[in-house]
Amino acid sequence: MSGSGVWVLCATANGLDTLVLMGDKLPVDGVIGLIQREKTDAISNVADTATFCAENGLQWIGCEKYSLDSANDRAQLQCLDISLLLILGWQRLVPAWLLNHCRIGAVGVHGSHRGITEGRGRSPQNWALIIGAASFEVSIFFAEKGVDDGAVIDTRKFDYGPADDIAVSHQKVNVATAEMICNAWEAGNLNPDFAHPQSAENIAFMPQRQPEDGALDWHRPGSAIDRFVRALTCPYPGAFTEFGGGILKVWRGVTIETPFNETPGTVLAVFQDGSILVATGDGAYLVQETEMLDGNLPVVGDCLQSVSFKKQMFEIIERHQTNYPNMPVSEDIIALSSNKWNMT
């Protein structure tokens, strides 16, 4: 069905997955995406929205910039008849001129382990897994010019399993998002009149994470290292450790109890299947899936470099506070920088 005035703003595979989950329950005219570019760590999980649209009979508009601030991007989008804009997998603030161009409004998606109001900002699912949160709360809301501060249409909460990684977390959010959007559409509630303003109290923000923030600290307990790895694995740039002038990416692993009592970071064993057993602050971590960049894989007795998690957290928080002094950092994130296990 076309001519509904419903468009999707999407740059990542997560947004397309949500669109697939919605099926034909909501009439979508097309997708506004990014012109295909080389994949880099700058946009994790970037999707080829043009091919998706061609294969699914949808219109496609390709934009030059993620910020949508080029003259060409603005001109072509202002020519579209947009009644309702669904922001699915677009990890940048949508400019006010585009929000104002939508007759009904633009629906965004956000959440955190503390909900939308206490977990605004960046990388909330990554942070939830790093912290070891038991659950996650995601909301759909009408986007405004601020950061995740619009009136809420609906909210869903799901639990994390002990082995969930960031890819699983994304899919759980996608399922919850598709359900909320479809239910609201069918009930006629995708309208600002049915949304509820957020509380003005307990507002907090999650700081942005960058690829270099994935350096491992082997002095931490194995359980904390495992959460860190699961939070940063594909489609993100991954947790890593420096060794021999190269970078060892750690994509997957599991904690192991061992009789060894070696310096954290020491390679205790290299098994026939290529997995590597590394000493941690309280035992060992079995690295099951690795990728060595610019160097040779370590052997027994080698020591992998640790980067102080405490120092890393201080730098992330300081970076956020410098760039966004009026956006208070979540207490849960601040607590990560003071936990006793963060000392090296």
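Check the entry above for the structure.
Notes on the structure in this doc start here. Predicted model, so just to flag it, every value in this text is computed and none were measured. (Residues numbered from 1 in each chain as written. Predicted model: local features only at pLDDT ≥ 70, side-chain atom pairs only at ≥ 80, totals over all residues. Heavy atoms only, no water.)

**A closer look at the side chain of Asn 126**
- Within the fold, Asn 126 resides in helix α5 (residues 124–131).
- Contacts of Asn 126, omitting those with residues within four sequence positions, involve Ile 166, Arg 209, Ala 231, Leu 232 and Tyr 236. (Helix = DSSP H or I, 4+ residues; strand = E, 2+ residues; numbered from the N terminus. Contact = heavy atoms within 4.5 Å.)

**Describing the sheet that holds strand β12 (residues 267–270)**
- Judged by pairing direction, the sheet is antiparallel, and its five strands sit side by side in the order β10-β11-β14-β13-β12 without closing on themselves. Of all strands in the sheet, those bounded by a partner on one side alone are β10 (239–243) and β12. Going across the sheet, the axis of each strand differs from the next one's by a mean of 40°, ignoring polarity.
- Sheet topology note: the β10/strand β11 (residues 246–256) ladder contains five bridges and is antiparallel. Each residue of the ladder has a partner; that of Thr 241, found in β11, is Leu 248.
- Each of β10, β11 and β14 (284–293) is contacted by helix α7 (residues 222–232), which is oriented at about 120° to β11, the strand it contacts most. (Pairing = 2+ DSSP bridges. Axes fitted to C-alpha atoms, helices over the stretch in contact; angles between N-to-C directions.)

**Here's the deal with the environment of Val 175**
- Relative to the assigned elements, Val 175 resides in helix α6 (residues 166–187).
- On the accessibility criterion, Val 175 (47% relative accessible area) is partly exposed.
- Each C-alpha atom, one on Val 175 and one on Asp 29, is 21 Å from the other, the two residues being 146 residues apart in sequence. (Buried < 20%, exposed > 50% of the residue type's maximum accessible area, 1.4 Å probe, protein only.)

**Description of the packing of α5 against α7**
- Put simply, α5 and α7 touch, their axes get as near as 7 Å, and they point 165° apart. Comparing the axis directions of α5 and α7 gives the class roughly antiparallel. As α5 runs across α7, the sense of the crossing is right-handed. Facing α5, whose interface residues are Asn 126, Leu 129, Ile 130 and Ile 131, α7 presents Arg 227, Phe 228, Arg 230, Ala 231 and Leu 232.
- Its residues assigned to classes, the contact of α5 with α7 shows six nonpolar, one polar and two charged. (Parallel < 35°, antiparallel > 145°, perpendicular 65-115°, else oblique. Left-handed = near helix turned anticlockwise from the far one by under 90°. Nonpolar A, V, L, I, M, F, W, Y, C, P; charged D, E, K, R; others polar.)

**A few points about the packing of α5 against α6**
- Running from N to C, α5 and α6 point in directions that differ by 125°, and their axes come no closer than 10 Å. The angle between α5 and α6 falls in the class oblique. Relative to α6, the crossing made by α5 is right-handed. Touching Gln 125, Asn 126 and Leu 129 of α5 are Ile 166, Ser 169, His 170 and Val 173, all from α6.

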